[in-house]
Structure formats: C-alpha cells, structure tokens
Amino acid sequence: MQAEASATPVACNAADLIRRAAALIFDVDGTLAETEELHRQAFNHAFLRHGLGWEWDRAVYKDLLLVTGGKERMRAYHARLRIAQPLADEDIAELHRIKTAHYAELVETGCCPLRPGVAELLAAARARGQRLAIATTTSHGNIDALLSQALGPGWARVFDAIVAGDDVRHKKPAPDVYLEVLARLKLTAHDCVAIEDSANGLIAASRAGIPVLITRSMFFGDDDFSAARVVLDDLSRLG
C-alpha cells in the first residue's frame, strides 16, 4: 500500500499510457541502454586507426548527436572543418566498419546493461500480450551487439518488428522508421506508444502520429520534450 500511495501522478499517467497500448515501440541508443558514450569511444578508436587525428570529446559529441546516423555524423563533422575535399564514401564506410566492430567489442565486455526498468517492462508487456518493436537510426549490427549481450542470442524473437536506419530512406527526425514499424505491425499510430530519449526521436514519432513517452538519458536530458505525453527519468515501475 505504501508503494501505491507514493506513486506520483506522472508515474501513474505513464503506466496507464503504457498498459493501454497495443504495441510499444522502442528507440535503442540512450533508451534501452546508455550506449552513446561507447559509441563516442568507438568513433575515436576508428579515427585513430585511420590516422585522421580527430577526437570527439563529450561536448563535441553531444553537439554532433543532433545529426542522426554515424556516417552522417562523420560527414557533418568533416564539413565543419572546412577541408576542401570531403571524405570519400569508401573512407566513410571503412571508418564506420572499424567503429562498429570496436563498439561490439566494448559491449561484449558487459559494461553497458539495459537501463533501469527496461527488462521488467519488456517482460511485463509480453505477459500482457502487447507487441514490441524497435525503431532506431542505428544499424542492425549495433542492435545485435547490444541486445545479444543484454537479452541473449534469441533477443530478436522478443520483437515483432525491427526497423533500423538503413532500412528507410530518411533517418530521424523524419518519421520513416516509425511509419515502417506501423506498416509491419499493421497497427494505427494511436494503437502504439513510442519510447524515446531525444528530441529527434520525439519529433520522428510525433510526425508519425504516435504518442511519445520520454525517458531522459545522459546526452539528451536537456532537450525540449514539451510535445511528449510523459517525461520520466527512467522506465522503473512501469511494468
């Protein structure tokens, strides 16, 4: 009884929003786990291996996160340097390959668990018969690296639809990943709830007409979330 009495209106609203949905659609980076610091380290590893002399500190990386997609982020940074010749597509692809491989190595150490409440929410949603999906700008390889470690090798069976950035024409804040998830689930936007951690994710889901629950993360905690249905620090006690 004490736990019920201490529940805040925001937490109650969030739980009600979650339980009424036919499907929960999750972003990955920053939402399921605090991965962005590992991504930053992996980018710097790739730059060092490639002899570029670039190094993204946390302030630079936070700014670059406004650009969705790793390859796009590297192109955006290179453009800021005002170097005459842009990096060739082959160089970008090789940098991204090295970065992705190192990210997987970092995740395999077990240093990046799911955020509080995530595993419990996934289990409770499945027990209720709700459908689960992923809508992310990251790559399938990055999703697999994270969730194989966190949920086990059969993790993909937990989700009814998995849409990554390379599966669609435009990445967030465009709504493409969410529209594709809705098409695969054969559900309307109002049947679902999107769970995000960033303003770009909020905009993408909102443009698809999907109500959004925000769980604040390390790099996006001060984004403008005024358009979200609910804003929480994490997903604890929502199962």
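All residue numbers refer to positions counted from 1 along the written sequence of the respective chain. Local features are withheld for residues below a pLDDT of 70 in this predicted model, meaning they are given only at 70 or higher, and side-chain atom pairs are given and counted only at 80 or more; totals for whole chains, interfaces and linings count all residues. Derived side-chain values reflect all non-hydrogen atoms in the structure, with water molecules and hydrogen atoms excluded from consideration.

Draft legend 1. Inspection of the pairing of strand β4 (residues 192–196) at higher detail. Among the five residues that make up β4, five are buried, leaving the element largely enclosed by the rest of the structure. Alternating positions in β4 separate into two faces, Cys192, Ala194 and Glu196 on one and Val193 and Ile195 on the other, with burial throughout. Here strand β1 (residues 23–26) runs beside β4; their pairing, made up of four bridges, is parallel. Note that in β4 the partner of Ile25 across the bridge is Ala194. When DSSP finds two or more bridges between a pair of strands, those strands are recorded as paired. In this text, helices come from DSSP runs of H or I with a minimum length of four residues, and strands from runs of E with a minimum of two, each type numbered from the N-terminal end. In this sheet, strand β5 (residues 212–215) lies alongside β4 in parallel orientation, the contact comprising three bridges. Relative accessibility decides the category of a residue: with a 1.4 Å probe and only protein chains considered, values under 20% of the type maximum give buried, values over 50% give exposed, and everything between is partly exposed.

Draft legend 2. A look at unusual backbone geometry. Of note, the bond from Lys172 into Pro173 is cis; its omega dihedral lies within 30 degrees of zero at 15°. With respect to the element layout, Pro173 can be found in the loop between β3 (161–163) and α9 (176–185). In the Ramachandran plot, Lys186 falls in the positive-phi region, its phi being about 60° despite a non-glycine side chain. Within the secondary structure layout, Lys186 lies in the loop between α9 and β4. Residue class for Lys186 comes out exposed when judged on its relative accessible area of 71%. Positive phi outside glycine occurs at Arg237, with the angle close to 60°. Relative to the helices and strands, Arg237 is located in the segment after β6 (230–232).

Draft legend 3. Quick peek at the environment of Asp197. Within the fold, Asp197 resides in the loop between β4 and α10 (199–207). As a C-alpha pair, Asp197 and Val177 span 20 residues in sequence and 16 Å in three-dimensional space. Contact definition: two residues touch when any of their heavy atoms are within 4.5 Å. Apart from the residues within four sequence positions on either side, Asp197 is in contact with Asp27, Asp29, Gly30, Thr31, Ile214, Thr215, Ser217, Phe220 and Phe225. Distance and chemistry together define a polar contact, namely a pair of N or O atoms within 3.5 Å, with one atom able to donate a hydrogen and the other to accept it when in protein, and with adjacent residues in sequence counting only for side-chain atoms on both sides. Of note is the side chain of Asp197, whose polar atom sits 3.2 Å from the side chain of Thr31.

Draft legend 4. Looking closely at the packing of aromatic side chains. Pairing of aromatic rings covers Phe, Tyr and Trp, the last through its six-membered ring, and needs centres within 6.5 Å; plane angles under 30 degrees mean stacked, over 60 mean edge-to-face, and all others mean tilted. Enumeration according to the criterion identifies ten aromatic pairs in this entry. Between Phe43 and Tyr61 the ring centres are 6.2 Å apart and the planes differ by 50°, which places this aromatic pair in the tilted class. Pair noted here: Phe43 is in helix α3 (residues 36–49) and Tyr61 is in helix α4 (residues 58–64), with a separation of 18 residues, a long-range link. This pair shows no difference in class: Phe43 is buried, exactly as Tyr61 is. Aromatic side chains Trp56 and Tyr61 sit 6.1 Å apart centroid to centroid with 25° between the ring planes, which places their arrangement in the stacked category. Just as Trp56 is buried, Tyr61 falls in that class too. By the ring-pair criterion, three or more aromatic residues cluster together here, those being Phe43, Phe47, Trp54, Trp56, Tyr61, Tyr77 and Phe219.

Draft legend 5. Layout of the side chain of Thr35. Tracing the chain through its elements places Thr35 in the loop between β1 and α3. What makes Thr35 buried here is its relative accessible area of 0%. Apart from residues lying up to four places away in sequence, Thr35 is in contact with Asp29, Gly30, Tyr103, Cys112 and Leu146.

Draft legend 6. The arrangement of the sheet that holds β3 in detail. Reading across the sheet, the six strands line up as β3-β2-β1-β4-β5-β6 and stay open at both edges, with parallel pairing between neighbours. Looking at which strands have only one partner, the edges of the open sheet turn out to be β3 and β6. Within the sheet, the average angular offset between the axes of one strand and its neighbour, ignoring direction, is 20°. Packing of helix α7 (residues 118–127) onto the sheet brings it into contact with β1, β2 (131–135) and β4, and relative to β1 it is tilted by some 155°. Between the N-to-C directions of two axes lies an angle of 0 to 180 degrees, each axis being a line fitted to C-alpha atoms and, for a helix, fitted only over the stretch in contact.

Draft legend 7. Representation of the packing of α3 against helix α6 (residues 89–108) within the structure. Viewed as axis vectors pointing N to C, α3 and α6 meet at an angle of 130°, and their least axial separation amounts to 8 Å. Relative to α6, α3 is oriented oblique. Between α3 and α6 the crossing geometry is right-handed. Residues Leu38, His39, Gln41, Ala42, Phe43, His45, Ala46, Phe47 and Arg49 of α3 lie in contact with α6, whose contacting residues are Leu95, Ile98, Lys99, His102, Tyr103, Leu106 and Val107. Tallied by class, the residues present in the contact of α3 with α6 amount to ten nonpolar, four polar and two charged. Any angle that is under 35 degrees is reported as roughly parallel, and any over 145 degrees as roughly antiparallel; angles of 65 to 115 degrees are reported as roughly perpendicular and all others as oblique. Working rule for handedness: look at the near helix, and if it is turned counterclockwise from the far one by less than a right angle, call the crossing left-handed; if clockwise, right-handed. As a working rule, the residues Ala, Val, Leu, Ile, Met, Phe, Trp, Tyr, Cys and Pro are called nonpolar, Asp, Glu, Lys and Arg charged, and the rest polar, with Gly in that last group.

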